[in-house]
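# Chains, contacts and geometry: an overview
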Amino acid sequence: MATLVTGGAGFIGSHTAVALHAAGRDVVIVDNFSNSSPKAVDAVRALTTDDLAFVEADLLDTDAVERVFKNHTIDEVVHFAAHKAVGESVEKPLAYYRNNLGSTISLVEVMAEHGVSKLVFSSSCTVYGEPDVIPVTESAPTGAESPYGWTKYMSEQILVDAARALPLDVVLLRYFNPVGAHPSGTIGEDPNGIPNNLVPFVMQVAVGRLDQVRVFGDDYDTPDGTGVRDYIHVMDLAEAHVAALEAMASGRLRGANPVNIGTGNGYSVLDVIRAASTAVGRELPYEVVGRRAGDIAKTWAATDHAADVLGWRASRDIEEMLADHWRWQSQNPDGFA
Ligand code: UFG
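Residues numbered from 1 in each chain as written. Predicted model: local features only at pLDDT ≥ 70, side-chain atom pairs only at ≥ 80, totals over all residues. Heavy atoms only, no water.

## A word on the site of the ligand
Taken together, 17 residues sit near the ligand, with Leu-198, Arg-214, Arg-229, Arg-292 and Asp-295 positioned nearest. Between the ligand and Asn-177 there is a distance of 3.0 Å, counted from an oxygen atom to a side-chain nitrogen or oxygen. Arg-214 places a polar main-chain atom, nitrogen or oxygen, 2.7 Å from a nitrogen atom of the ligand. Alone, the ligand offers 690 Å² of accessible surface; in the complex the protein occludes 87% of this. Mapped by element, the contributors of at least two residues to the shell around the ligand are helix H7 (198-206) and strand S8 (213-216). Sorting elements by how many residues they give to the shell around the ligand places S8 first, with three residues. A breakdown of the residues in the shell around the ligand according to their chemical character gives eight nonpolar, five polar and four charged. (Near = heavy atom within 4 Å. Polar contact = N/O pair within 3.5 Å; in protein donor to acceptor, adjacent residues only side chain to side chain. Areas by Shrake-Rupley, 256 points an atom, 1.4 Å probe, with all protein chains shown as cover. Helix = DSSP H or I, 4+ residues; strand = E, 2+ residues; numbered from the N terminus. Nonpolar A, V, L, I, M, F, W, Y, C, P; charged D, E, K, R; others polar.)

## Observations regarding the domain arrangement of the protein chain
Under the domain assignment used here, the protein chain contains domain 1 (2-180 + 231-263 + 305-314) and domain 2 (198-228 + 265-300 + 319-331). For the pair domain 1 and domain 2, the two sides together bury roughly 1400 Å², of which 64% comes from carbon and sulfur. Among the residues of domain 1 in contact with domain 2, Ile-134, Tyr-231 and His-233 are the three that bury the most area, contributing 43% of the side total. Summed over the shared surface of domain 1 and domain 2, the number is zero salt bridges. Counting across the domain 1 and domain 2 interface gives five residue pairs in polar contact (both at pLDDT 80 or more). Examining the composition of the side of domain 1 that touches domain 2, we find that three residues originate from one element, strand S10 (residues 231-233), more than from any other. When grouped by side-chain class, the residues that make up the side of domain 1 that touches domain 2 number eight nonpolar, four polar and one charged. (Domains from an automatic or database assignment. Buried area = accessible area lost by both parts, 1.4 Å probe. Salt bridge = Lys/Arg side-chain N within 4 Å of Asp/Glu carboxyl O.)

## Notes on the sheet that holds strand S6 (residues 169-175)
Strand order across the open sheet formed by seven strands is S3-S2-S1-S4-S5-S6-S11, with parallel pairing between neighbours. The sheet is open, and its two edges are formed by strand S3 (53-56) and strand S11 (256-261), each paired on a single side. Averaged over neighbouring strand pairs, the angle between their axes works out to 20° when direction is ignored. One ladder, built from five bridges, connects strand S1 (residues 2-6) with strand S2 (residues 26-31); its direction is parallel. Among the inter-strand pairings, Ala-2 is bridged to a residue of S2, identified as Asp-26. The strands that helix H1 (residues 11-22) touches are S1, S2, strand S4 (76-79) and S6; relative to S2, the one it contacts most, it runs at about 165°. (Pairing = 2+ DSSP bridges. Axes fitted to C-alpha atoms, helices over the stretch in contact; angles between N-to-C directions. Contact = heavy atoms within 4.5 Å.)

## Re helix H11 (residues 318-331)
Over its 14 residues, H11 runs 20 Å from end to end, which matches the ideal 20 Å to within 8%, given 1.5 Å per residue. For H11, the complete set of buried residues consists of Ile-318, Met-321, Leu-322, Asp-324, His-325, Trp-326, Trp-328 and Gln-329. Of the surrounding elements, those touching the buried residues of H11 are strand S7 (177-179), H7, S10, strand S12 (267-268) and helix H9 (269-280). (Expected span 1.5 Å × (residues − 1). Buried < 20%, exposed > 50% of the residue type's maximum accessible area, 1.4 Å probe, protein only.)

Quick look at the structure:
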């Protein structure tokens, strides 16, 4: 089987490329490096095979996508390529809608022309907003709070409709909070500028690029007052994509299916700082500041549906997530730069 991985130079895409190769698939990566580095492709090749196929292309360039499907045998697709910064999406909504929706539409059109009918789409628990019932199940109400979130919500709807009309099976993986890195420490998350997300921020404090962690609020309705999230190791997440492709290839999953990808456990910001301090081997400094606009108090995933339909459950704990994330960051204090 040959799998096209769009956004395969990015954080989750690069780890998934490695997991797909480990599962015996040929991998073709497409990326335009809009928020990633050619060095990530080199590192993926070092972990897999030197002849792993890579094409530099923008998915909005339909002719370029056409060429990828003409020049390579593609059996199935995992679609990561997208803009993903919540704050930036508020400032540049049109760029987010054009990029995230346009690329998904072109990709599915070209897939249909070439008779490729299996797709895994990167969605997000952001489609649940602030859930009323936790752990949150796939049947919880959906919506969005930011243009970024709406692009995930709308992409899901586009794919649900496409799966009704076309010979298309699609698994909509709703990721909770991906962290960690490949245990080699050679690929990992490499955010542009000051990180928005907690674990990359904590790790930049650990390498001395930032002074101290800012804890956004300690007055939430949670055990220690700080926000609670379902952090999941990126290797577990990567393996969920393989499981989703296998569930479609075997015919077990047909049509469009949303599936939560989390561990089912919630950890607070202070839990994460403590686990990171253990991984790093010293107390990481933090101060409590005000809440960040748009944040929810708590969420974690109901995981039974993933186990039922994908035969997959996360297996790596928070200690392993932070130990692996730290290995990547300590070996590469400036990321791929
Ligand atoms: N936090 C801090 N300090 C920081 C960064 C984050 O205290 O410097 C806190 C947040 O308030 C939150 C928790 O750490 O309680 C996790 O925050 P992240 O930014 O790491 O993750 P979010 O849950 O806010 O974001 C995730 C995804 C987004 C998605 C969003 C939807 O990363 O892609 O969920 O809620 F849009």
